[in-house]
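# Remarks on the overall topology
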Amino acid sequence: MKLSFFALATSVALPSLALADLTTDSFEKHVDVLTLSNSFDPIKAAYWTGLPHHRRTPFSVSSTGKSAYLAYLDSSGTDVHIQPVDPATFAATGTVVTVTGGKEAGGLVAFDDGFALLTNEALPSGTANAPAGSTPVPVVYRFDQSGAQTWKTFIGGPSVSASLGHLASPDINGDLVFSEDSGYLAAYIVVTAYDGDANGHFGDAIRYIKADTGALETINGASSDWGCSHNTGIAFEAAADPPFASICAEDQGAIWLNTKGQGMTTVGVKISNENVTNGASNEPMGGMSGSYSNLARFANGTQYIFAWVSRGAVDLTDNTWMGGGYVHSSNRTNGRRVAVALFSDKNTLVGPQATSEVGAKDGDSQVNFITESTADCSNAHAATFDASNALVTWEEIASPQCDFIAMGCRGTFSGSFFQQVSADGIKVGESVRFDDVYVAGDMVTMADGKVCWPYVSGKWDLDRTVGDGASGTTTTKISFACASLSGASGNSTQNPGTGSSETSMDLYTR
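A few points on the structure. (Residues numbered from 1 in each chain as written. Predicted model: local features only at pLDDT ≥ 70, side-chain atom pairs only at ≥ 80, totals over all residues. Heavy atoms only, no water.)

The strand order across the open sheet built from 4 strands is β19-β20-β21-β22, with neighbouring strands paired in antiparallel fashion. Here the strands that pair on one side only, and so sit at the sheet edges, are β19 (233-237) and β22 (269-273). For this sheet, the mean angle separating the axes of adjacent strands, direction not counted, is 15 degrees. Bridge analysis of strand β20 (residues 245-249) against strand β21 (residues 254-257) gives 3 bridges, and the strand direction is antiparallel. Its bridge partner lying in β21, Cys248 is registered against Trp256. (Pairing = 2+ DSSP bridges. Helix = DSSP H or I, 4+ residues; strand = E, 2+ residues; numbered from the N terminus. Axes fitted to C-alpha atoms, helices over the stretch in contact; angles between N-to-C directions.)

If you walk across this open sheet you meet the 4 strands as β6-β7-β8-β9, and the pairing is antiparallel. Of all the strands in the sheet, just β6 (59-61) and β9 (97-99) have a single pairing partner and so form its edges. Between one strand axis and the next, the sheet turns through 20 degrees on average, direction left out of account. The pairing of strand β7 (residues 68-73) with strand β8 (residues 80-85) spans 6 bridges and is classified as antiparallel. Each residue of the ladder has a partner; that of Leu70, found in β8, is Gln83.

What follows deals with the pairing of strand β13 (residues 149-154). Pairing analysis gives 5 bridges linking strand β12 (residues 137-144) to β13, with the strands arranged antiparallel. Residue Val140 lies in a different strand from β13, and its bridge partner there is Thr153. In sequence, β12 turns back onto β13 through a hairpin of 4 residues, with Gly147 there showing a positive phi of about 95 degrees.

Enumeration over the complete set of coordinates arrives at 23 aromatic pairs. On the basis of an interplanar angle of 85 degrees and a centroid distance of 6.0 Å, the ring pair of Tyr184 and Tyr208 is categorised as edge-to-face. On the criterion of sequence distance, the pair formed by Tyr184 in strand β16 (residues 184-193) and Tyr208 in strand β17 (residues 202-210) is long-range, its members being 24 residues apart. With a relative accessible area of 13%, Tyr184 lands in the buried category. (Phe/Tyr/Trp six-rings, centres within 6.5 Å; stacked < 30°, edge-to-face > 60°. Buried < 20%, exposed > 50% of the residue type's maximum accessible area, 1.4 Å probe, protein only.)

Our focus in this paragraph is the nonpolar core. Membership of the largest hydrophobic core comes to 39 residues, with the highest contact counts inside it found for Phe244, Ile247, Ile271, Phe306 and Phe343. Broken down by secondary-structure element, the contributors of at least two residues to this core are β16, β17, β19, β20, β21, β22, β24 (304-310) and β27 (337-345). Ranked by size, the runner-up nonpolar core spans 27 residues in total, among them Phe434, Trp453, Tyr455 and Val466. (Core = buried A, V, L, I, M, F, W, Y, C linked by side-chain atoms within 4.5 Å.)

This next bit is on the pairing of strand β15 (residues 175-179). Extensive coverage of β15 is indicated by the burial of 4 of its 5 residues. Here 5 bridges tie β15 to β16, and the two strands are oriented antiparallel to one another. The residue of β16 that forms the bridge with Ser179 is Tyr184.

Further remarks concern a negative patch on the surface. On the surface, Asp112, Glu180, Asp181 and Asp241 cluster together into a patch of negative charge. Following the sequence through the fold, Asp181 ends up in the loop between β15 and β16. Judged by its relative accessible area of 61%, Asp181 is exposed. (Patch = residues over 30% accessible without salt bridge, like charges linked within 9 Å, V, L, I, M, F, W, Y side chains within 5 Å. Areas by Shrake-Rupley, 256 points an atom, 1.4 Å probe, with all protein chains shown as cover. Salt bridge = Lys/Arg side-chain N within 4 Å of Asp/Glu carboxyl O. Lys, Arg positive; Asp, Glu negative; His and termini not counted. Charge placed at Lys NZ, Arg CZ, Asp CG, Glu CD.)

Attention now goes to unusual backbone geometry. Each neighbour pair has its own omega, and for Pro242 with Pro243 the value is 0 degrees, a cis peptide bond. Within the element layout of this structure, Pro243 appears in the loop between β19 and β20. Backbone geometry places Ser291, a non-glycine residue, at a positive phi of 65 degrees. The backbone of Ser293 sits at a positive phi, close to 50 degrees, despite the residue not being glycine.

On to the pattern of salt bridges, then. Under the definition given, this model contains 19 salt bridges. As a salt-bridge pair, Asp442 and Arg56 come within 2.9 Å of each other at their nearest N and O atoms. On the criterion of sequence distance, the pair formed by Asp442 in the loop between β33 (427-434) and β34 (444-445) and Arg56 in the loop between β5 (52-54) and β6 is long-range, its members being 386 residues apart. Side by side, Asp442 and Arg56 carry an identical accessibility label, which is buried. For Arg207, the salt bridge goes to Asp225, with nearest N and O atoms at 2.9 Å. Of the two residues, Arg207 sits in strand β17 while Asp225 sits in the loop between β18 (216-217) and β19, which places them 18 residues apart along the sequence. Assessed through its relative accessible area of 6%, Arg207 is described here as buried. In the salt-bridge network here, residues are joined through shared partners; they are Glu28, Asp448 and Lys450.

That is the geometry; function is a separate question.
Shown next, in the form of structure tokens:
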């Protein structure tokens, strides 16, 4: 039997089922515009449930808007390819760079003269003190515009000391960001210790690297070896100086703004209470192949917006393991809703933090939910247009079957939704819905103020599991979509020669 999540589609219609201040004229679509040199598997199995997620294709544009790059994992599961992209047309340009042995396209930063890539790779056989079983370790590369490597810096493995043990990163599920003001690249990643006191346990780490030299620096009050226990979600964005703005979801029942402390202590600010079961907390930042474009800074200022999905929190009980300031909670809803939080700067939540009152019936009254239906929402992301407006997006299942208390749901895909939100956290108009546009890579604010992102065009199906994690679906085409507050151009284009045919993309055969 063959199950299909995708059927490649080249139709340029953008059917919308809602009108708002953002309308279909605010969006443009470039279908199959980018042809990849190697095939790509666009589906990633979720942790525990095996339900389908979009496999991230990191996308980045340089600060001047002159250069752009897209990174993707080869369909073989090994080797990361970085494709230069024309930032005006999204067509392929330049020379493709391949990082041989890369296991995940974990983050990407474009410069006018090249790019930096976050990935993970197994160490060569015989490397002293390497993790067992060829478990990959995290590493950052810098390449120049010609495709030549200028430096390579490991941020885990035997060459990098860590307080609780040497660190590997089987799944990065984090991000790479850059601050022009400070000159630092920074990576926030999921890690596991393979020796030392934390051997066998999972957490997260933040690493700072000088962008010009590749020097790894330990910065007091900014770098971390072991932050949030069994990290279940990361949001990360640059600031003028370290520490950069950071958020984590952890396995004890909360999401923290942890710019201060870089961990899950009460030094940080509790954004929300979340039910945690079997090491999961509702995939707030996207789960596997997520943890990107959840936290965005408004232009020309210090204010940030964060978007996530949550089932809410009721009936708070004492977390005796963690002690004061920590609670367990039950879910308020069956499906997940979309929430946003605002920060006046990288350390400060606008409004009260989540309560830690044991016995409280209401544990989410301070959360700003922007969806209220019984649908299940997932794949939430945020980007900013300017200093006053943001774009928040998510996917929905109108009638979800939620088999797991703190994980994803299955059911018929009901559309991708796009909502304008003000810098005050207020919805502007109604959300706009599309059936054939998805967010599957970083949402980038372009030089002209548009917000653009990559995706694979086709029919998205959330009603079946991926199975063993290898979907069997491959493509060599990437599409892009853009949104604009200026009414946009309403443009929709398709790659020449694609015609209007529809080709089946088989998930797997069994």
